[in-house]
Amino acid sequence: MKVVFTILLISLWCVFAGAQEQRRSIAVTIDDLPVVSTRRDLKNRREITKKLLAHISKAKVPAIGFVNENKLYKNGQRDESQVDLLRSWLAANLELGNHTFSHLSLHDNSLEKYQADILQGEIITKELLKAKNLKMRYFRHPYLWTGLDLDTKLQLGNFLTTHDYTIAPVTIDNSDWIFASAYDKAFDKNDKKLMKRIGAAYVPYLEAKMDYWERQSNKLFDREIKQILLLHANFINSDYFDDIAAMLKKRSYKFITLEEALKDEAYRLPDTFVKRNGISWLHRWALAKGRETVLSDEPKTPEFVLKAAGIDSE
Ligand SMILES: [Zn+2]
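Thresholds applied
- Residues numbered from 1 in each chain as written.
- Predicted model: local features only at pLDDT ≥ 70, side-chain atom pairs only at ≥ 80, totals over all residues.
- Heavy atoms only, no water.
- Helix = DSSP H or I, 4+ residues; strand = E, 2+ residues; numbered from the N terminus.
- Rg over C-alpha atoms; globule rule 2.2 N^0.38 Å.
- Buried < 20%, exposed > 50% of the residue type's maximum accessible area, 1.4 Å probe, protein only.
- Contact = heavy atoms within 4.5 Å.
- Areas by Shrake-Rupley, 256 points an atom, 1.4 Å probe, with all protein chains shown as cover.
- Lys, Arg positive; Asp, Glu negative; His and termini not counted.
- Charge placed at Lys NZ, Arg CZ, Asp CG, Glu CD.
- Donors = N, O, S within 2.8 Å, 3.2 Å for Na, K, Ca; no water.

Draft legend 1. Spotlight on the overall build of the protein. For the protein, the count of helices and strands is 12 helices and nine strands. Relative to its length of 314 residues, the protein is compact, with a C-alpha radius of gyration of 20 Å against a globular reference of 20 Å. Expressed along its principal axes, the backbone C-alpha trace of the protein runs to roughly 75 × 50 × 45 Å. Here the protein, with 314 residues, has 53% of them falling under the buried criterion. Within the protein, counting contacts between residues at least 6 apart in sequence, those at least 24 apart form 82% of the total. Summed over all atoms, the accessible surface of the protein reaches about 15600 Å², with 55% contributed by carbon and sulfur. Here the protein carries 48 positive and 42 negative side-chain charges, and the mean point of each set is 4 Å from the other.

Draft legend 2. Representation of the coordination of the zinc ion in the model. All of the protein donors around the zinc ion are Asp-32 (OD), His-99 (NE2) and His-103 (NE2); their distances to the metal are 2.0 to 2.1 Å. Counting along the primary sequence, the residues that act as donors to the zinc ion give the motif D-x66-H-x3-H. One end of the pair, Asp-32, is in strand E1 (residues 24-33); the other, His-103, is in the loop between strand E5 (95-98) and helix H4 (111-120), and 71 residues separate them in sequence. When its relative accessible area of 9% is taken as the criterion, Asp-32 is described as buried. On the basis of relative accessibility, which here comes to 18%, the residue His-103 falls in the buried class.

Rendered as structure tokens:
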């Protein structure tokens, strides 16, 4: 009897500890594949891809990468060595999605041109997915720019549905791209000290963002929804993704697929945001509810990082 009771206690503790350990969920989405960096040559693209994928695999993150297929061509010809970079994402059992052919802005182009760019951007990725018995399922708007009026949003929504795409929203928005630009520029100037300083500020910045979006989620839903993080396939993430994954694990996050995240009913809420900015869906929903629900203390990118990136403001 005593043994049974002890076993029961241990099992209960395991369940409790397990629940504790994984009380939060997050899907990691990575944009601008195969690589976005000033290090554009093949050797560097290969190195960045290899390092990033090694970190992702090590941390067992079922990430999805969003592709700009214009990077797969050289002088108008399909470049197999670039396509191979995408093959390595699939070899790591990761999913791929569409991010338009040329990272086109919906706000500065006609809807017709934008839709044509989406279709042009799926050709090679679909072929690679098909070879693995997979389908292209998700679309991510470049800059998170989703339309300046509801009619455009509706028309694009219908177009995406017709072509079997689901929109991939973002809740954990951040300025990893500014850190990346600063990091690239410091690398190009061979300023290792500055690279270290940028890297040292990067993960604490992301952690402050996590805290902010967790609180924003609580403010809106009285709970933490399944979050969707946006990062880019850049140099700084190829160096720091390990630390990012460790930070997320420390915050009790379980890594889930985008498909799993989208099962959260929060994502059934409409996105009616029609301003120019590319903002988190948490802010879109908050603004729809009333400006007072937007938490005002969103962490900012440090001044020295903005300066190193040559950017005036976020
Ligand atoms: Zn992008």
